[in-house]
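One-letter residues, chain by chain:
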Amino acid sequence: LWGDKKRGEEVERRHREKEASESAASRGGSGGDGSESVENTRDALIATDESSSKPTTGKSNNIIADIAFDAALSAGVPLPPRPDQGGAASATPPASKSEPKTVDKALTRMVEDRIYGYTRSPAGSIQYTASMLDSSRAVQFREGRRLGKALSINIDRLCYFAKKDLRHGKLEEAQEYYMKALEMDPSDGRPYLGLSRIAERRGDLEYAKGMLRQGIARSGVGFVTVRGPAEGGSGKKSKKNKDGEKEEGKDIGTIPDNGPNPFLLQALGTLEQRSGHLAHAEELYLQALRSRPSHAAAWVALAQLRTKELRQSAEAGRICYQSAENELRRIGAKPNAFVYTAWASMEYKKGIKDDAQGIRRARELYELALEADPRCSVAFLQLGVMESECGNFDRAKECFEKVLTFDQRNSRVLQAYAIMESRRPREDVDSRRVLDLFERALKANPRDAGVYQAYALYVVDLGDVDSARDLLRRGTEVDKRHAPVWQAWGVLETRYSTAKAARDVFQQGIWACAQPGGGQSGGRRCARLWQAWGVMEAQEGDHSAARRCFSRALDADQRNVAAVTAWTMMEADLGYLVDARSIFERTLKLFPSPSDDKMAIWRAWEIMEEQTGNTRAAQLVFQRSMRDSMSSREEALIPSNANVDVLTATADIKSLLNGKKEIEVSRWMTESNDFDAEVWMNNGSIEGKLPPSIMKKLRNGDTNKR
């Protein structure tokens, strides 16, 4: 423990002499022979050093007895006179054979770890060293601050307290904890994520994005743990823990990430999506998945971006959710309830509500989510909402009551419960119970603007307009950026007050919900406000102002179906069918096929033509919508890298062209050749373009054979 070997022997010798002198002094005070006791004790202690090289004889045979005798004297215990060492030596017969000594390996390892500063894992491997013997491996301090990477438990503790303060709205205290954690370990991604959330709470999205970019640049390479199969098999026979969740298998290894921190990439993509930069958000989600293919949050965010924002079909979302499921299964992780819940919600919302197959599939996915996490509040909430919309009120009530048994302060569940009770048949509605549920939701979360909006709409149905107006005003005060509350308030003023009051509400909502970089329209949040404002101006007869509002709504969100249909209905009522058709044509190019929103626009166009008496035009619109839907489904059946083995040989193609009098128009191939062609639709007619070589052959004599 003291470095040099010679120095250690010297220190040990002085230490033993000091102990011997103290014991001799205690014996001298009690009347014994001090000089003889010191000599005997010194001989006994020296004999312990020589016991490994030569056998113990004489004085050294009674080392333990001497030490016990000295300890008793120092404690003041009365003892008989001590026998002389010679007699003791002659009376004690020499040991014929030394007994073997057993070594405690666990105790030896513990002592070595304490001496050399080793920290071992449960498996026994050395994780790191903090030795004080070797300065190159010892923990170094400078001015009271530890140098190098701090222990992870310190970062965990600071992040825990920061999250706790952030949950209670103490932004300054949470920021202080996150800054301390950032000073300890700049490569940990959690402080950057927490600071970005604090900046997002304050409305500073640019600073939030900057913190995430800084964390992406500084964060270290993470890893994901790979687990083996759980004990007891898979499926229904697998073991479950006390909470009812399936147990995971044992750890069998780790897989490092292929890029930056995927959590920070996914969080940055979410902020870009909120800012309206959908293409950049999609690229960030894909980058997070390339870094860690099993990152479930990135798969869910990508699926929701493509199905909700980009208006792609349900098949695009299914591909993302199935990929997430397969990647989690590949690393041996337990099923993710978040993935199944989002997947079930998409299956229900993207499908037809009266479609029994879609509802049955959504129920199956919700059951998988609850099997993965029996206390998943979101799964119970969405399942209850779906059952209430299908008319199964008793089953929906069971779902809501189940959540309230372990999550009594969930305002969203209480709100959905109240809305479900209000949707019952009129003779079965208990208005007092509905009002009580809304009050409980506001008590659980007084800053939930969605509860104020739903509460106000129900109060309006009861006939109390002033109370509804007060509830909507309070909703805008607790959350100024909640666009649906502003929209509901403006519509309320449109129906029960003056147009001037409605214009003031719409303008204040646009100013409050405007996003940075949204331009004059204010961004995607303001699209619904511009659309409602345009409908109000159309009802008031100011069609030029209505056109400006509808144009701003489409500038904020080019795929806003409500704004498109409202604008075209106004133009059709005014007799400007050409303008309405041009709006439909321009909007249809923005939606992929197949898409529910695109089919809704096709249907709105068809209804407009029928209402104006253009039956033939309505039939043409219906035929175009069917052809668009069918062609998109056929393309979905063929992969992007398809190379169908049809007419692959050039000689066979030439023989078909010359002998069988047939001309190839188009075919599925990845490689290009002289016989490729382009085909398109023109007002219901199929048109195509052939290569010049084919046209030349037709003009030079191939037409005569035909």
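Just above sits the structure.
Predicted, not measured: the structure shown is a model, and the values here were computed from it. (Residues numbered from 1 in each chain as written. Predicted model: local features only at pLDDT ≥ 70, side-chain atom pairs only at ≥ 80, totals over all residues. Heavy atoms only, no water.)

Novice: Help me get a handle on helix 22 (residues 483-496), residues and values and all.
Specialist: A rise of 1.5 Å per residue sets the reference length of helix 22, with its 14 residues, at 20 Å; its end C-alpha atoms lie 20 Å apart and thus fit the reference within 8%. If you check which residues of helix 22 are buried, you get Ala-483, Val-485, Trp-486, Gln-487, Ala-488, Trp-489, Gly-490, Leu-492 and Glu-493. Those residues of helix 22 that are buried lie in contact with helix 20 (449-462), helix 21 (465-478), helix 23 (499-513) and helix 24 (527-540). (Helix = DSSP H or I, 4+ residues; strand = E, 2+ residues; numbered from the N terminus. Expected span 1.5 Å × (residues − 1). Buried < 20%, exposed > 50% of the residue type's maximum accessible area, 1.4 Å probe, protein only. Contact = heavy atoms within 4.5 Å.)

Novice: Just give me the short version of a nonpolar patch on the surface, but keep the residues and values in it.
Specialist: A cluster of nonpolar side chains, Met-599, Phe-622, Met-626 and Met-630, forms an exposed patch at the surface whose accessible area comes to about 350 Å². The element contributing the most residues to the nonpolar patch is helix 29 (residues 615-637), with three residues. Within the secondary structure, Met-630 is located in helix 29. (Patch = residues over 30% accessible without salt bridge, like charges linked within 9 Å, V, L, I, M, F, W, Y side chains within 5 Å. Areas by Shrake-Rupley, 256 points an atom, 1.4 Å probe, with all protein chains shown as cover. Salt bridge = Lys/Arg side-chain N within 4 Å of Asp/Glu carboxyl O.)

Novice: Which residues make up a positive patch on the surface, and what values do they have?
Specialist: Among the surface-exposed residues, Lys-163, Lys-164, Arg-167, Lys-170 and Arg-197 lie close enough to one another that they form a single positively charged patch. A per-element tally of the positive patch places helix 6 (residues 152-167) first, with three residues. (Lys, Arg positive; Asp, Glu negative; His and termini not counted. Charge placed at Lys NZ, Arg CZ, Asp CG, Glu CD.)

Novice: Tell me what's going on with the pattern of salt bridges, and back it up with residues and numbers.
Specialist: Scanning all chains against the criterion turns up 36 salt bridges. The shortest N-O distance in the salt bridge between Arg-469 and Glu-493 comes to 2.7 Å. Of this pair, Arg-469 sits in helix 21 while Glu-493 sits in helix 22, and the two are 24 residues apart along the sequence. On the basis of relative accessible area, Arg-469 is assigned to the partly exposed category, the value being 23%. In this structure, Lys-598 engages Asp-628 in a salt bridge whose closest nitrogen and oxygen atoms are separated by 3.6 Å.

Novice: How would you explain the packing of helix 7 (residues 171-184) against helix 8 (residues 189-201) if you had to name every residue and give the values?
Specialist: Where helix 7 meets helix 8, the closest approach of the two axes is 9 Å, and the angle between their N-to-C directions is 155°. Between helix 7 and helix 8, the crossing angle belongs to the class labelled roughly antiparallel. For the pair helix 7 and helix 8, the crossing hand works out as left-handed. Across the interface between the two elements, Leu-171, Ala-174, Gln-175, Tyr-178, Met-179, Ala-181 and Leu-182 of helix 7 pack against Arg-190, Pro-191, Tyr-192, Gly-194, Leu-195, Ile-198 and Arg-201 of helix 8. (Axes fitted to C-alpha atoms, helices over the stretch in contact; angles between N-to-C directions. Parallel < 35°, antiparallel > 145°, perpendicular 65-115°, else oblique. Left-handed = near helix turned anticlockwise from the far one by under 90°.)

Novice: Hey, could you go over the environment of Trp-530 for me, with residue numbers and the actual values?
Specialist: Relative to the helices and strands, Trp-530 resides in helix 24. The exposure class of Trp-530 is buried, given its relative accessible area of 8%. A C-alpha to C-alpha distance of 9.1 Å links Trp-530 and Gln-507, two positions 23 residues apart in sequence. Discounting residues that sit within four places of it in the chain, Trp-530 has contacts with Ile-510, Gln-520, Ser-521, Cys-549, Arg-552 and Ala-553. Separated by 2.8 Å, the side chain of Trp-530 and the backbone oxygen of Ser-521 make a polar contact. (Polar contact = N/O pair within 3.5 Å; in protein donor to acceptor, adjacent residues only side chain to side chain.)

Novice: I'd love a proper account of the packing of aromatic side chains, names of residues and values included.
Specialist: Aromatic ring pairs are reported here in terms of the distance separating the ring centres and the angle at which the planes meet. In total, this model carries 13 aromatic pairs according to the counting rule given. Residues Phe-438 and Tyr-458 carry aromatic rings whose centres are separated by 6.3 Å and whose planes lie at 35° to one another, so their mutual orientation is tilted. Placement of Phe-438 in helix 19 (residues 431-444) and of Tyr-458 in helix 20 is noted, with a sequence separation of 20 residues between them. Look at Phe-438 and you get buried, because its relative accessible area is 1%. A relative accessible area of 10% means that Tyr-458 is categorised as buried. Clustering of aromatic rings is evident, with ring pairs tying together Tyr-160, Phe-161 and Tyr-177. (Phe/Tyr/Trp six-rings, centres within 6.5 Å; stacked < 30°, edge-to-face > 60°.)

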